[in-house]
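Breakdown of the fold
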Amino acid sequence: SAQPVDAYPIKIDGLGLKTNTYQFGNIKKGNVIEKSIELANTTKDPVRIELVSSAKYIETLATPELVEPGKTAMLKVRFDSKACQEWGPIREEVHLLVNGSTEASEKNRLSVIGNVIEDFSNLSTEERQQAPIAEYSTINVNLGTIKAGSKATQKVSISNKGKKALAVRRIVNNNRSNITASINKTNINNGKKADLKIEVNTKDLKPSTYRRNITVITNDPDHVNTMISIVWKVEE
């Protein structure tokens, strides 16, 4: 039966899709999760489809591979968090190939969005007492006034006040053109600390006041995500 056109707002090569984004939300590390997007062949001819991914932790499957006119198919994505090296927010893409095409471009791209998190729900009282505790020298970095075209740096120290080693899983930085965030070690034993170096480069920035942030992801059950705010002013 013919499908209502508005049910498939996304168009790829004349085919209609319900959405172009796989929203996985929070994925507990170790879990494997599947999501599907429905596709309709709104053309007059049968089409052959294939779903491809270059990410090692994403498996893809299109069924059926041959879709008759007016019929539907499912584009399945399987996210294996065990095989994913990255913690925190994940943005990947898969591509829908139609009738043997090999072109992977923006036109046939589907987004895969998720957030890989650690599951602390099963920790015993004793394990919680042994857990690492992250302490930051500051979470508000004010670099003051920076002359346009120059750089400024500041260090934030991260100490481990807990018993077990504190692991810095990732520094999420979405402003790489202006901010560089690097840490001198990612494993911090009890009583020790690491230096998180934050550098702001004002090239291409107009005179103004700027406020950005980065997020530090650790294995401290009570402070998994710590947002560090970075403020500066650019002057000619």
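For clarity, every value in this text was computed on a predicted model and none was experimentally measured. Within every chain, residues take consecutive numbers counted from 1 along the sequence as written. Confidence filtering applies because this is a predicted model: local features only for residues at pLDDT of at least 70, side-chain atom pairs given and counted only at 80 or more, and all residues used for totals across whole chains, interfaces and linings. To obtain the side-chain values, all non-hydrogen atoms of the structure were used and water was disregarded.

Here we look at the packing of aromatic side chains
Keep this limit in mind: Each aromatic pair joins two rings of Phe, Tyr and Trp (for Trp, the six-membered one) with centres within 6.5 Å, and gets the label stacked for planes under 30 degrees apart, edge-to-face for over 60, and tilted for any other angle. Under the scheme used here, helices are H or I runs from DSSP no shorter than 4 residues and strands are E runs no shorter than 2 residues, and both carry numbers assigned from the N terminus. Exposed residues in this analysis have more than 50% of their type's maximum accessible area, buried residues have under 20%, and partly exposed residues fall in between, with area computed by a 1.4 Å probe over protein chains only. For a ring to carry a charge above it, either NZ of a lysine or CZ of an arginine must fall within 6 Å of the ring centroid while also lying within 35 degrees of the normal to the ring plane.
In total, this model carries 3 aromatic pairs according to the counting rule given. With a centroid separation of 5.1 Å and an interplanar angle of 55°, the aromatic rings of Tyr57 and Phe79 are classed as tilted. With a gap of 22 residues between them, Tyr57 in the loop between β5 (47-53) and β6 (58-63) and Phe79 in strand β8 (residues 72-80) connect regions that are remote in the sequence. Between Tyr210 and Trp232 the ring centres are 5.5 Å apart and the planes differ by 15°, which places this aromatic pair in the stacked class. Within this pair, whereas Tyr210 is found in strand β18 (residues 208-218), its partner Trp232 is found in strand β19 (residues 225-235), the two being separated by 22 residues in sequence. The residues Tyr210 and Trp232 share a single accessibility class, namely buried. By the ring-pair criterion, three or more aromatic residues cluster together here, those being Phe24, Tyr57 and Phe79. Between the NZ or CZ atom of Lys29 and the centre of the ring of Trp87, over which it lies, the distance is 4.9 Å. Positioned over the ring face of Trp87 is Arg169, at 4.3 Å from the centre of the ring.

Re the pairing of strand β9 (residues 88-98)
Counted only if it meets this: Pairs of strands are assigned from DSSP output, requiring at least two bridges between the strands.
Across 5 bridges, β5 lies against β9 in antiparallel orientation. Looking at β9, one finds that Ser53 is bridged to Val94. When β9 meets strand β10 (residues 109-117), the two strands line up antiparallel, connected through 8 bridges. When the sheet's bridge partners are listed, Val94 is paired in β10 with Leu110.

Side note on the sheet that holds strand β17 (residues 193-201)
The test is simple: Axis lines are fitted through C-alpha atoms, for helices just across the contact stretch, and the angle between N-to-C directions can take any value from 0 to 180 degrees.
Overall, antiparallel pairing links the 4 strands, which are arranged β11-β13-β17-β15 in an open sheet. Only two strands of the sheet have a single neighbouring strand rather than two, namely β11 (134-136) and β15 (179-183). Here the average twist between neighbouring strands, direction ignored, is 25°.

Here we look at the pattern of salt bridges
Keep this limit in mind: What counts as a salt bridge is simple: a side-chain nitrogen of Lys or Arg found within 4 Å of a carboxyl oxygen of Asp or Glu.
Per the stated rule, a full pass over the model turns up 14 salt bridges. Note that Lys107 is salt-bridged to Glu103, the shortest N-O span being 4.0 Å. A residue is classified by how much of its surface remains accessible, and Lys107, at 64% relative accessible area, is exposed.

Focus on the nonpolar core
Among soluble globular proteins, nonpolar side chains are generally buried collectively. Short version of the rule: In this description, a nonpolar core means a group of buried Ala, Val, Leu, Ile, Met, Phe, Trp, Tyr and Cys residues linked to one another through side-chain atoms lying within 4.5 Å. Should any heavy atoms of two residues lie within 4.5 Å, those residues are considered in contact.
Grouped together as the largest cluster of nonpolar side chains are 29 residues, with contacts concentrated most on Tyr22, Leu39, Ile49, Leu51, Leu75, Phe79 and Leu96. Among the elements of the structure, β2 (15-17), β3 (21-28), β4 (32-40), β5, β6, β8, β9 and β10 are those that each provide at least two residues to this core. Excluding residues that lie within four positions of it along the chain, Phe79 makes contacts with Phe24, Ile27, Asn31, Val32, Ile33, Tyr57, Ile58, Cys84, Ile90, Val112 and Val116. With 25 residues, the next largest nonpolar core counts Ala134, Leu143, Ile188 and Tyr210 among its residues.

Quick word on unusual backbone geometry
What you tend to see is this: most non-glycine residues have negative phi, and most peptide bonds are trans. In the segment running from Thr63 into Pro64, the intervening peptide bond is cis, with an omega of -10°. Along the polypeptide, Pro64 turns up in the loop between β6 and β7 (66-67). Here Asn99, not a glycine, exhibits a phi torsion of approximately 50°, which is positive. Despite not being glycine, Asp204 shows a phi value in the positive range, around 70°. Note on placement: Asp204 falls in the loop between β17 and β18.

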